[in-house]
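Report on the structure
Now for the letters of each chain:
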Amino acid sequence: MSETAGTTFVDVQALRHSEFPWTEETGAIYLNCASTGPLPECARRAIFEHLARACNPNHEFYDEHREIPSESRRLCAEFIGAQPDEIALGFNTTYGLNLAATALPLERGDRVLLLDGDFPANVYPWLNLERRGIQVEFVPCDERGLPNEAGMFERLAQGDIRVLSVSAVSFSNGYRLDLDAISRECQRHGTYLVVDGIQALGVVPIDVSTTRIDVLASGGQKWLLSPQGSGFAYVRRDLIDRLDPVGVGWLGFEASQDYAELCNYALDPLESAARFELGSLAFASLHAFNHSLSLLRELGVPGIEGHVRAVQQPLIDWVEARGDLEWMSDLSQERRSGILAFRSPEPERLGERLRAAGITVSIRQGGVRVSVHAFNCREEIAKLISVLEAALER
Ligand SMILES: Cc1ncc(COP(=O)(O)O)c(C=O)c1O
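What comes next is a walk through the structure. Residue indices follow the written sequence of each chain, beginning from 1 at its first position. Totals for whole chains, interfaces and linings use all residues, but because this is a predicted model, local features are given only for residues with pLDDT of at least 70 and pairs of side-chain atoms are given and counted only at 80 or more. The side-chain values count all of the structure's non-hydrogen atoms but skip hydrogen atoms and water molecules.

Here we look at the sheet that holds strand S4 (residues 87-90)
The test is simple: Two strands pair if DSSP finds at least two bridges between them. Strands here are runs of E lasting at least two residues and helices are runs of H or I lasting at least four, both read from the DSSP assignment and numbered beginning at the N terminus. Geometry is summarised by axes, namely lines fitted to C-alpha atoms with helices restricted to the contacting stretch, and by angles between N-to-C directions that run from 0 to 180 degrees. Throughout, a contact is declared for two residues whenever any of their heavy atoms are within 4.5 Å.
Strands sit in the order S4-S10-S9-S8-S7-S5-S6 across an open sheet of seven strands; the sheet is mixed. For this open sheet the edge positions go to S4 and strand S6 (135-139), each flanked by a neighbour on one side alone. Strand-to-strand twist across the sheet, computed as the mean angle between neighbouring axes with direction ignored, equals 20°. Where S4 and strand S10 (residues 231-235) come together, four bridges link them in antiparallel fashion. Paired with Ile87 across the two strands is Tyr234, which belongs to S10. Of the strands in this sheet, S4, strand S9 (215-219) and S10 touch helix H4 (residues 59-80), which is tilted by about 120° from S4. Of the strands in this sheet, strand S7 (163-167) and strand S8 (192-196) are in contact with helix H8 (residues 179-189), which crosses S8 at around 155°.

Details of the site of the ligand
Our working definition: Whether a residue is near a molecule or strand depends on its heavy atoms: it is near if one of them lies within 4 Å of it. Between N or O atoms, a polar contact is any pair within 3.5 Å; within protein, one atom must be a potential hydrogen donor and the other a potential acceptor, and residues adjacent in sequence are included only when both atoms are from side chains. The protein chains shown are the only cover counted for residues, whose accessible areas, like all others here, come from Shrake-Rupley with a 1.4 Å probe. Under the grouping applied here, Gly and all other residues not named as nonpolar or charged are polar, the nonpolar ones being Ala, Val, Leu, Ile, Met, Phe, Trp, Tyr, Cys and Pro and the charged ones Asp, Glu, Lys and Arg.
In the vicinity of the ligand, the contacting residues are Asn92, Thr93, Thr94, Phe119, Ala121, Ser167, Phe171, Asp196, Ile198, Gln199, Gln221 and Lys222. One of the side-chain nitrogen or oxygen atoms of Gln199 is found 2.8 Å away from an oxygen atom of the ligand. In this structure, an oxygen atom belonging to the ligand sits 2.9 Å away from a side-chain N or O atom of Gln221. In isolation the ligand exposes 400 Å². Once the protein is present, 86% of that is buried. When its residues are assigned to classes, the shell around the ligand shows four nonpolar, six polar and two charged.

Things to note about the pattern of salt bridges
The following threshold applies: Just to be clear on terms, a salt bridge is a Lys or Arg side-chain nitrogen sitting within 4 Å of an Asp or Glu carboxyl oxygen. Type-normalised accessible area, obtained with a 1.4 Å probe on protein chains alone, sets the label of each residue: buried when under 20%, exposed when over 50%, and partly exposed for intermediate values.
Tallying each qualifying case throughout the model produces 27 salt bridges. A salt bridge links Arg111 to Asp160; the shortest N-O distance between them is 3.3 Å. With Arg111 in strand S5 (residues 111-115) and Asp160 in the loop between helix H7 (149-157) and S7, this pair connects stretches of sequence that are 49 residues apart. A residue is classified by how much of its surface remains accessible, and Arg111, at 25% relative accessible area, is partly exposed. Exposure remark for Asp160: the relative accessible area of 33% places this residue in the partly exposed category.

Section: the state of the cysteines
The condition is simple: Disulfides are defined as pairs of cysteine sulfur atoms found within 2.5 Å of each other.
One pass over the full model with this rule turns up zero disulfides. Its sulfur unpaired, Cys141 is 18 Å from the next cysteine sulfur, which belongs to Cys186. Given the relative accessible area of 28%, Cys141 is considered partly exposed.

A look at the nonpolar core
Quick note on the threshold: Nonpolar cores are built from buried Ala, Val, Leu, Ile, Met, Phe, Trp, Tyr and Cys residues. Side-chain atoms within 4.5 Å join them into one set. Boundaries of every domain are those given by an automatic assignment or by a domain database.
Of all hydrophobic cores here, the largest spans 86 residues; its most connected members are Leu315, Phe342 and Leu384. Ranked by residue count, the leading element in this core is helix H10 (residues 301-322), at eight residues. In this structure, this core is formed jointly by two domains, domain 1 (2-30 + 300-393) and domain 2 (46-298), each of which donates at least three residues. Aside from chain neighbours lying at most four places away, what touches Leu384 is Leu31, Leu315, Leu354, Ile359, Val361 and Val370. With 29 residues, the next largest nonpolar core counts Leu99, Ala100, Val194 and Leu239 among its residues.

A few points about the layout of surface pockets
The condition is simple: For cavity detection a 1 Å grid was placed over the protein atoms alone, and a set of points counts as a cavity when a 1.4 Å probe fits there but cannot get out; an open set counts as a pocket when protein lies on both sides within 12 Å along at least five of seven lines, with lining residues being those that have an atom within 4 Å of a point. Grid points are joined across faces, edges and corners, and a volume is the space filled by probe spheres set on the points.
Its boundaries defined by the atoms lining it, the largest pocket holds a volume of some 320 Å³. His65, Arg73, Leu251, Gln257 and Glu277 are, among the 17 residues lining the largest pocket, the residues nearest its centre. Of all the elements, H4 adds the most residues to the lining of the largest pocket, at five residues. Residue composition of the lining of the largest pocket, by class: eight nonpolar, six polar and three charged.

Considering unusual backbone geometry
Phi at Tyr265 is positive, roughly 50°, even though this residue is not glycine. Its place among the elements puts Tyr265 in the loop between S10 and helix H9 (283-299). For Tyr265, a relative accessible area of 66% corresponds to the exposed category. Notably, Gln365 is not glycine yet its phi reads approximately 50°, a positive angle. Relative to the helices and strands, Gln365 resides in the loop between strand S14 (362-364) and strand S15 (367-371). Given a relative accessible area of 56%, Gln365 falls into the exposed group.

If you want it as structure tokens, here you go:
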């Protein structure tokens, strides 16, 4: 660990060496966790070892099919300040968002509020309810194209919104919502709060023990540095019995816990949120997920966040100094996340130049989106800036 301004941050060189050795071996610069996060070595080893056991399965291997998910539920819960029995494992973010959309007690005429500009994973499950007579409304973005929290509060204050579903961090500009204020407002108006956490978890803390959220959904494949096929939904304890899912899985029932007697078919759902899981899970992915979550827990999200801000700073200074690029991100401390995005002329061409230089970023919504995580360092940002500088000169 290193000390900067009194805060303990990540020892990035040690982390790169042990968990992301390709950063040293290839010199590739990966600034794209908002798209997909790289697997750390511990997760890579875990998944390969699991797959090797899958080639020659035995009873111990079958035991893992119970142990791995139960460890995932424990680690996910710990990560967000929940209890393990409030976690349902799924395959991505979409799983949890659909669970919320289809299982919350909504009736014809109820209204759902979304933010314009949100990622489509948090839009289609709700639009799909319009067939059932549920009305979906969007809060338009503000004049800078950012999520409009003031507009959202105004709309909530009318008191007729049944569900608000938001992304904790915007995929395109990294805008971090004030979830505490939103949660308080939702409680005041009797509105269910559903949160898509995938662009936050791993780099921006979310704590459901202090911020009341009804359903939180996240895949593991971005800032949680985990394989595709890993993910979870948190369901607030008091809600578990009130959710009425459209689909159920055989492992979600008490009667299926004894594999020797599977044909009792008693309709006795588990007490816990695991009742919402849909049958066999992606065990190999979850095994790696567990290792990544443990690594992130060891690093500590506050330390990661401090590190990310320090690494982002030279990019912020450079954009500010140039004056010809326009921020898409809000740079105020409380709105910052792992994502910085700026508009530039010909963003696609810049993307090509960066790609040719071995630097991976994303081009989204007309801007360059740069993601910084624990394994990135200032030298990489310096290289990014020099390639951008040259590309902008042509
Ligand atoms: C805010 C947000 N939600 C969800 C997703 C992905 O959803 P899923 O994990 O279901 O593929 C993304 C990005 O791909 C995203 O940026």
